[in-house]
Amino acid sequence: MLAPGIHPVASMRSELDALVDRRFAGGDRSTALVIGSGVNLQAAIEVGASALDWERLLREIEAHEGIVWDGDPPRSMTARWEALLQRQSKQRASDREDDMVRTVVDRLEHQTEQIWAKAGGRPPPLYTDLLGKRFRDVVSLNFDDRLARAGTKARLFRATSPAETKLRRGSTFSVLPQLYQRYHLPSAEGFTRIWHPHGRSSSQSTLVLGVGRYGRLVADLDVGWGRYKSAEREFGEAPSRDAALFPAPRSRRHWTRRQIARWSEHRRAPGPWLANGRPAQRMSYRRPHEALSWLDVVLMSPLLIIGCGLGSDEFPLWWALHQRARNQARHPARTQVPVVLVTAEPRAAHELDHLRGGPGGLCTAVFPTWAELWAWVRSI
């Protein structure tokens, strides 16, 4: 059993392998993959390049601004970012933040070009390997579009509202880009969506950096949560439900495994598609809860998290993990969906202290070395 807490991978290898091999009827993996900056770092190392080091980047900005610290700077990158905004008096903090975000975007784009050049103009192998695993949904906590660039015919999808529909303020899709926008990568082998909860470097306005922008995201997450629950209730309880699947209305807590599987197939289906069979780049939804978001994927899916330490800076993901744990609290253990973070034995034991006890239901699987972890990733 993939129980919350920290465990050596040897004690749970068969369960871990079974987790990542859960499939939809068409063969795509139903476990959603969540990737962090560690994937970028490994992909770059393998081709002899370097990936963005946030601490080094912030040090360079501090040096350029002549900022020095009395002792050590804040350990949290988000808190350090906020401190940089406050330690200058020439601009409003919001204007200064826009300038700093542009610096981050420029650095990311420059490093992407360097990584591709080191790889001989081709995508680094780790990205193509991950895309070849047929995960239906990949949630990237990174800003860059490297994974989508490694795919073929990746297209950005946007959810919209009908022009004549007047939704209440704060509920339109235009103010929730991080929730609904994603890349679609269709292929003969399957269909992959790539989500960017923190925004994309190709759209600077979507980037979430600093406490101010994280704070404004909270309201968006709450809107997304309400929409997800509306869709869930409609599937199992509304008069329009599938009567063969649900002879009588049934709340999510009492669904059978068959009903849960059908819900997942329905909610996370490939597409949407155009009449000619090509993936749509835009779709209008009169009822907003019909649109799929990354929050839906995280709330309802088995999760595998790779290359992410899940520190306090990953606030949107922690919010989603705790919310899904609350949502499953009264569900039978056999119908609960697990969330597993894989990592390697740290240099110091305290580096995993924030994961002890399994917050948000998190199971942490510890490999002896990073080499063994990446070998496992490629073997799945």
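A few points on the structure.

Rules and cut-offs
Residues numbered from 1 in each chain as written. Predicted model: local features only at pLDDT ≥ 70, side-chain atom pairs only at ≥ 80, totals over all residues. Heavy atoms only, no water. Helix = DSSP H or I, 4+ residues; strand = E, 2+ residues; numbered from the N terminus. Rg over C-alpha atoms; globule rule 2.2 N^0.38 Å. Buried < 20%, exposed > 50% of the residue type's maximum accessible area, 1.4 Å probe, protein only. Contact = heavy atoms within 4.5 Å. Areas by Shrake-Rupley, 256 points an atom, 1.4 Å probe, with all protein chains shown as cover. Lys, Arg positive; Asp, Glu negative; His and termini not counted. Charge placed at Lys NZ, Arg CZ, Asp CG, Glu CD. Expected span 1.5 Å × (residues − 1). Arc of directions from axis to C-beta. 1 Å grid on protein atoms, 1.4 Å probe; cavity = no way out; pocket = protein on both sides within 12 Å on 5 of 7 lines; lining within 4 Å. Points joined across faces, edges and corners; volume = space filled by probe spheres on them. Nonpolar A, V, L, I, M, F, W, Y, C, P; charged D, E, K, R; others polar. Disulfide = S-S within 2.5 Å. Salt bridge = Lys/Arg side-chain N within 4 Å of Asp/Glu carboxyl O. Patch = residues over 30% accessible without salt bridge, like charges linked within 9 Å, V, L, I, M, F, W, Y side chains within 5 Å. Phe/Tyr/Trp six-rings, centres within 6.5 Å; stacked < 30°, edge-to-face > 60°. Lys NZ or Arg CZ within 6 Å of the ring centre and 35° of its normal.

Check the secondary structure of the protein and you find 13 helices and ten strands. Compactness check: the protein gives a C-alpha radius of gyration of 21 Å against a globular reference of 21 Å for 380 residues, within 12% of the reference. Counting only C-alpha atoms and orienting by the principal axes, one finds that the protein spans roughly 70 × 55 × 40 Å. By residue count, 53% of the 380 residues in the protein fall in the buried class. A separation threshold of at least 6 residues defines the contact pool for the protein, and within that pool the share at least 24 residues apart is 70%. By element, 51% of the accessible surface of the protein is carried by carbon and sulfur atoms, the whole surface being about 17800 Å². Side-chain charges in the protein split into 55 positive and 41 negative, and the spacing between the mean points of these groups amounts to 7 Å.

Okay, helix α3 (residues 54-65) next. Taking 1.5 Å per residue, twelve residues should reach 16 Å; α3 reaches 17 Å between its end C-alpha atoms and fits that length. For α3, the complete set of buried residues consists of L57, L58, I61 and E62. With its buried residues spanning 140° around the axis, α3 presents them on a single face. For α3, the exposed residues lying more than 90 degrees away from the buried face are A63 and H64. On the buried face of α3, the contacting elements are α4 (77-86) and α5 (93-118).

What the rule picks out here adds up to one cavity of 30 Å³ or more. Lining the largest cavity, in full, are I35, N40, Y127, S140, N142, D144, D145, R146, L147 and H196. Considering only residue class, the lining of the largest cavity consists of three nonpolar, four polar and three charged.

A few words now on the state of the cysteines. Two cysteines form a disulfide when their sulfur atoms are joined by a covalent bond. Applying the stated criterion to the full structure yields zero disulfides. C363 forms no disulfide, and the closest cysteine sulfur to it belongs to C308, at a distance of 15 Å.

The tally for this structure, following the rule as stated, stands at 24 salt bridges. Put simply, R80 and E62 hold a salt bridge, and the shortest N to O gap is 2.8 Å. Linking R80 in helix α4 with E62 in helix α3, this pair joins segments that are 18 residues apart in sequence. E62 shares its class with R80; the two are buried. As a salt-bridge pair, D144 and R146 come within 3.9 Å of each other at their nearest N and O atoms. Each of E55, R59, E62 and R80 takes part in one network of salt bridges that share partners.

Here the focus is a positive patch on the surface. Residues R22, R250, R257 and R334 make up a contiguous surface patch of positive charge. Within the element layout of this structure, R250 appears in the loop between α9 (210-237) and α10 (257-267).

Mapped onto the elements, G38 comes out in helix α2 (residues 37-46). Considering only alpha carbons, one finds G38 and G307, 269 residues apart in sequence, at a separation of 3.8 Å. Ignoring any residue separated from it by four or fewer positions in sequence, one finds G38 in contact with G307 and W374.

So, on to the packing of aromatic side chains. Summed over the entire model, instances satisfying the criterion amount to ten aromatic pairs. A ring pair is formed by F367 and W376, whose centres lie 5.6 Å apart and whose planes are at 45°; its orientation type is tilted. F367 gets classed as buried once you look at its relative accessible area, which sits at 2%. Look at W370 and W374: their rings are 6.5 Å apart centre to centre, the planes differ by 25°, and that puts the pair in the stacked class. Note that W370 and W374 are positioned in helix α13 (residues 370-379) at a spacing of four residues, about one turn of the helix. Overall, W374 belongs to the buried group, its relative accessible area being 6%. The ring centre of F135 lies 5.4 Å from the NZ or CZ of R29, which sits over that ring. The cationic tip of R136 hangs over the ring face of F24; the distance from NZ or CZ to the ring centre is 4.1 Å.

Another aspect to go through is the layout of surface pockets. As a volume, the second largest pocket reaches approximately 820 Å³. For the lining of the second largest pocket, the secondary structure elements donating two or more residues are α9, α10, α11 (294-300) and α12 (315-328). Per element, the largest residue contribution to the lining of the second largest pocket is six residues, and it comes from α10. Along the lines of polarity and charge, the residues of the lining of the second largest pocket split into 17 nonpolar, ten polar and nine charged.

None of the figures reported here should be taken as evidence of function without further support.
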